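Spelled out from the first residue to the last, the chains are:
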Amino acid sequence: MSKLHISATVNGEAVEYLCDPKQTLLDVLRDELNLTGSKEGCSSGDCGACSVTLDGRLVCSCLVLGVEMQGRSVETIENMASGEELHPLQQKFLEAAALQCGFCTPGFLVAAKALLEKNPNPTETEARYWLAGNLCRCTGYDKIIRAVLETAADMRGSK
Amino acid sequence: MSGFQYEAPVSVDEAVGLLAGAKGLAKVLAGGTDLLVQLRTGAVQPDMVVDVKRIDELRQISGNAASGFVIGAAVSGSEIGEHAALVKAWPGVVEGMELIGSTQIQGRATPGGNLCNASPAGDCTPGLVAAGAICVVAGPKGRREIPVEQVPVGPGKTSLAKGEFVVALKLPPRAKNSGDAYLRMIPRTEMDIAIVGAGVDLTLDASGTCTHARVALGAVAPTVLLVDAAAKALIGSKIDDAALAKLAAAASAACKPISDKRGTIEYRTKVAGVLARRAAVIARDRARSNG
Ligand SMILES: Cc1cc2nc3c(=O)[nH]c(=O)nc-3n(C[C@H](O)[C@H](O)[C@H](O)COP(=O)(O)OP(=O)(O)OC[C@H]3O[C@@H](n4cnc5c(N)ncnc54)[C@H](O)[C@@H]3O)c2cc1C
Ligand code: FES
Ligand code: FES
């Protein structure tokens with residue numbers, strides 16, 4: 001099958017790429033655009049390691065086709081820090097040791113950022129349910145959840 | 001994944017033309033949360049994929065409680081959950097949709113996809129069946145409307161003909177003193193497939209007597225079941241313990257489940273009665289506070 005020419009916005013910048021219909025958005029990000037922060041854990045929507053926001057909605061990029069992106073906008077983990085300055089969630093994850101191997105971390109950060117944008121003051125239960133589609137095989141989740149809740153409190157305090 | 005042609009029509013007619021004219025297998029793509037998994041495993045190998053998310057009519061919720069809501073087939077779970085008037089009038093329908101998957105899956109999954117994937121365990125479909133929702137189907141011969149329960153005909157199979165696809169789901173006008181609810185049983189607390197799903201919709205009169213009820217069960221037969229005997233157990237009663245016991249017995253009696261690693265036939269049969277009863281109590285309490 002011939003490749004399609006797609007114009008999309010990636011992390012705020014206009015991007016063009018050629019895409020085979022069977023490539024997922026995750027394939028496009030990693031293999032065509034060299035944005036390898038989004039990870040492939042399962043390719044079936046179960047692990048959340050590939051989380052991105054698509055037109056502002058949190059989705060699994062492994063369950064989106066690259067060709068669906070025509071005229072659409074995606075934000076990835078690569079856009080979370082401003083230059084050298086980490087997002088408060090990133091900083092907190094480091095300080096609170098909310099990661100071990102780090103494979104799940106980009107997905108958790110993208111998902112947690114989407115949570116705090118929608119709900120700046122989540123309860124622990126709300127945070128756990130929101131992040132239920134992100135799997136971590138190392139940390140046991142507690143440190144992640146605590147880091148998210150502490151960041152939420154810090155961000156509310158600094159406003 | 002094998003190769004396929006990708007199309008993203010912007011009108012219903014264009015989509016019908018593509019689906020009807022396709023050589024080989026054409027598949028509709030809505031949120032892709034079932035289809036992309038099936039493409040990857042090779043379970044489905046289409047020659048053409050028709051993305052229906054650029055058709056405005058499929059992407060909007062219109063109408064209101066009094067006139068009846070029309071939910072575009074490709075509206076996402078997140079969008080349904082954010083629609084305050086729909087949540088107020090049809091909390092059970094919304095619950096079924098919102099139970100699907102994680103936040104990420106909610107951002108994409110659609111009611112049309114849940115219905116047309118035709119998994120017996122789909123969580124959105126029983127609530128729609130209980131609600132008496134009508135499915136608007138477009139095809140080469142124009143449009144037709146059928147009850148939602150007539151869409152799935154077996155696991156993974158629908159009654160839709162070549163060239164046809166689902167445009168919208170129409171909910172009936174909402175009578176006052178009505179309430180609905182959907183409950184499911186899964187072995188985990190999130191991210192699993194239902195062992196049983198139970199949707200109940202009912203209406204009470206001024207004295208609290210049930211005048212209308214529909215009960216639907218998921219995951220206990222090859223397709224979602226509309227259980228008339230269970231509805232009859234409620235109609236004419238005040239939805240007291242005696243009526244609820246009859247409802248539970250009728251729900252269990254209707255089950256034709258399979259045994260698998262999630263639950264045995266005996267377990268599913270028993271749980272179907274328990275869930276139908278609990279859903280009826282929630283629906284009743286909602287109806288009472290919804291005058
Ligand atoms: C991690 C994960 C968790 C999940 N959890 C649940 C769960 O808890 N409960 C549950 O019920 N499901 C669950 N699912 C399955 C899936 O998310 C739902 O069935 C969802 O509603 C499918 O909608 P979709 O828009 O993504 O469908 P798609 O994948 O786009 O389509 C599904 C099927 O329906 C057809 N189709 C789609 N739209 C139409 C239309 N308008 N007209 C005709 N045919 C159409 C497609 O061709 C395809 O065959 C889960 C999936 C994943 C990946
Ligand atoms: S790689 Fe997308 S959810 Fe696991
Ligand atoms: S830190 Fe290893 S998977 Fe989460």
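Note that the structure is predicted; figures quoted are calculated from it, not measured.

1. Quick notes on the overall build of chain A
- Per the secondary structure count, chain A includes five helices and five strands.
- In terms of overall size, chain A behaves like a compact globule, its C-alpha atoms giving a radius of gyration of 16 Å where 159 residues would be expected to give roughly 15 Å.
- Each principal axis of the C-alpha atoms in chain A carries an extent, and together these give about 50 × 30 × 25 Å.
- Across the 159 residues of chain A, 50% fall into the buried class.
- Excluding contacts between residues fewer than 6 apart, the proportion of contacts in chain A whose partners are at least 24 apart in sequence is 56%.
- Working note: accessible area of chain A is about 7300 Å², and carbon and sulfur atoms make up 48% of it.

2. What to know about the interface of chain B and chain A
- With 28 residues of chain B at the contact, the number on the chain A side is 34 residues.
- The contact between chain B and chain A buries some 2500 Å² in all, and 58% of this surface belongs to carbon and sulfur atoms.
- Remark: the boundary between chain B and chain A carries five salt bridges.
- Note that Glu68 of chain A is salt-bridged to Arg108 of chain B, the shortest N-O span being 3.0 Å.
- Partitioned by chemical class, the residues of the side of chain B that touches chain A number eight nonpolar, twelve polar and eight charged.

3. Structural notes on the site of ligand 1
- Taken together, 34 residues surround ligand 1, and among them Val28, Thr33, Asp34, Thr110 and Asp123 of chain B come closest.
- Lying at an intersection of chains, ligand 1 is approached by residues of chains A and B.
- At 2.8 Å from an oxygen atom of ligand 1 is found a main-chain nitrogen or oxygen belonging to Ala30 of chain B.
- Contact between ligand 1 and Asn117 of chain B: an oxygen atom at 3.5 Å from a main-chain N or O atom of the residue.
- For ligand 1, whose accessible area on its own is 980 Å², the fraction buried by protein is 92%.
- Elements supplying a minimum of two residues to the shell around ligand 1: β2 (26-29), α7 (111-117) and β10 (165-170) of chain B.
- Considering every element that reaches the shell around ligand 1, the biggest residue donor is α7 of chain B, with five residues.
- In terms of residue class, the shell around ligand 1 is built from 16 nonpolar, twelve polar and six charged.

Reading guide: rules and limits
- Residues numbered from 1 in each chain as written.
- Chains lettered and ligands numbered in written order.
- Predicted model: local features only at pLDDT ≥ 70, side-chain atom pairs only at ≥ 80, totals over all residues.
- Heavy atoms only, no water.
- Helix = DSSP H or I, 4+ residues; strand = E, 2+ residues; numbered from the N terminus.
- Rg over C-alpha atoms; globule rule 2.2 N^0.38 Å.
- Buried < 20%, exposed > 50% of the residue type's maximum accessible area, 1.4 Å probe, protein only.
- Contact = heavy atoms within 4.5 Å.
- Areas by Shrake-Rupley, 256 points an atom, 1.4 Å probe, with all protein chains shown as cover.
- Buried area = accessible area lost by both parts, 1.4 Å probe.
- Salt bridge = Lys/Arg side-chain N within 4 Å of Asp/Glu carboxyl O.
- Nonpolar A, V, L, I, M, F, W, Y, C, P; charged D, E, K, R; others polar.
- Near = heavy atom within 4 Å.
- Polar contact = N/O pair within 3.5 Å; in protein donor to acceptor, adjacent residues only side chain to side chain.

Function-wise, these values are silent; they only describe arrangement.
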